[in-house]
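Structural characterization, general
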Amino acid sequence: MKVLGIIPARGGSKGIKNKNIVSISNKPLIYWTIKNAIKSKLNKIIVSTDSIKIKKIALSYGVDVPFLRPKNISDDSAKTIDVAIHSINFFKKKGIFFDYVMILQPTCPFRTIKDINFSIDFLKKNKEYNSLISLQKVESFHPARMKFIKGEKFIDDNFFKKYFKDGRRQSLRKVYIRSGLIYLTKVQKLLKLKTFEIKPSFPFITHPLRSVNIDNELDLTLARSLKKLLI
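Just so it is clear, the structure is predicted and the values come from calculations on it, not from any experiment.

All right, on to unusual backbone geometry then. The residue after lysine 199, namely proline 200, is reached through a cis peptide bond having omega -5°. Tracing the backbone through its elements, the reader meets proline 200 in the loop between α6 (187-193) and β10 (201-205). Within the chain, asparagine 18 stands out as a residue other than glycine whose phi angle is a positive 55°. Phi at asparagine 26 is positive, roughly 65°, even though this residue is not glycine. Examined against the element boundaries, asparagine 26 turns out to sit in the loop between β2 (23-24) and β3 (27-28).

Bringing the sheet that holds strand β9 (residues 176-186) into the picture now. Spatially, β4-β1-β5-β9-β6-β10 is the arrangement adopted by the 6 strands of the open sheet, whose pairing is mixed. Looking at which strands have only one partner, the edges of the open sheet turn out to be β4 (44-48) and β10. Each neighbouring strand pair of the sheet contributes to a mean axis angle of 25°, computed without reference to strand direction. Bridge count for strand β6 (residues 131-137) against β9 is 6 bridges, and the pairing is antiparallel.

Calculation notes
Residues numbered from 1 in each chain as written. Predicted model: local features only at pLDDT ≥ 70, side-chain atom pairs only at ≥ 80, totals over all residues. Heavy atoms only, no water. Helix = DSSP H or I, 4+ residues; strand = E, 2+ residues; numbered from the N terminus. Pairing = 2+ DSSP bridges. Axes fitted to C-alpha atoms, helices over the stretch in contact; angles between N-to-C directions.

By themselves these figures say nothing about function.
Structure follows, in structure tokens:
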């Protein structure tokens, strides 16, 4: 079972400038993903980037950057699935083939070596699954508590109401959201269906503290605080 690990890290970002290399505990953000990836059971690890600066940083930490990503999959509308397909095809042209591909977003700096290795070992032993996706349980922001706003009034919607049984927190149906830590998928299925989540897909539940995904300044502040506590 050969697994290609891809760390997608384009240079541009709107929410946080240079997000993938912003400093956390005196290291660029991408370092924390590279650090654990290179110690894991992944057979090959690459950084897919369009940025020469990010390429130099990645190389300095010992991970391969075999190409600079094309512009058509490097702008704000770029999809991670296209980044994965581009990387897989790059190696196919060189006669190098993988059974699975794992996406490791650098915006998730609390992913562990254990998380990566568990995912690989699980799919190796349970071949009936086509993919494994990391999830975290939704707690305070449960959809049953959400509202729509129409004009100057908020309204309830049947989409949310179905999660309530008797109005008590304890009776809310458990719901989960993708945590972003791990996307692991069979290559042949991914190339055919062009998605990471291919059924049957195993739900790998990760702890909220490990599931911090940096999208905005608030996330960044939280991540910096947590790193000080966890290092």
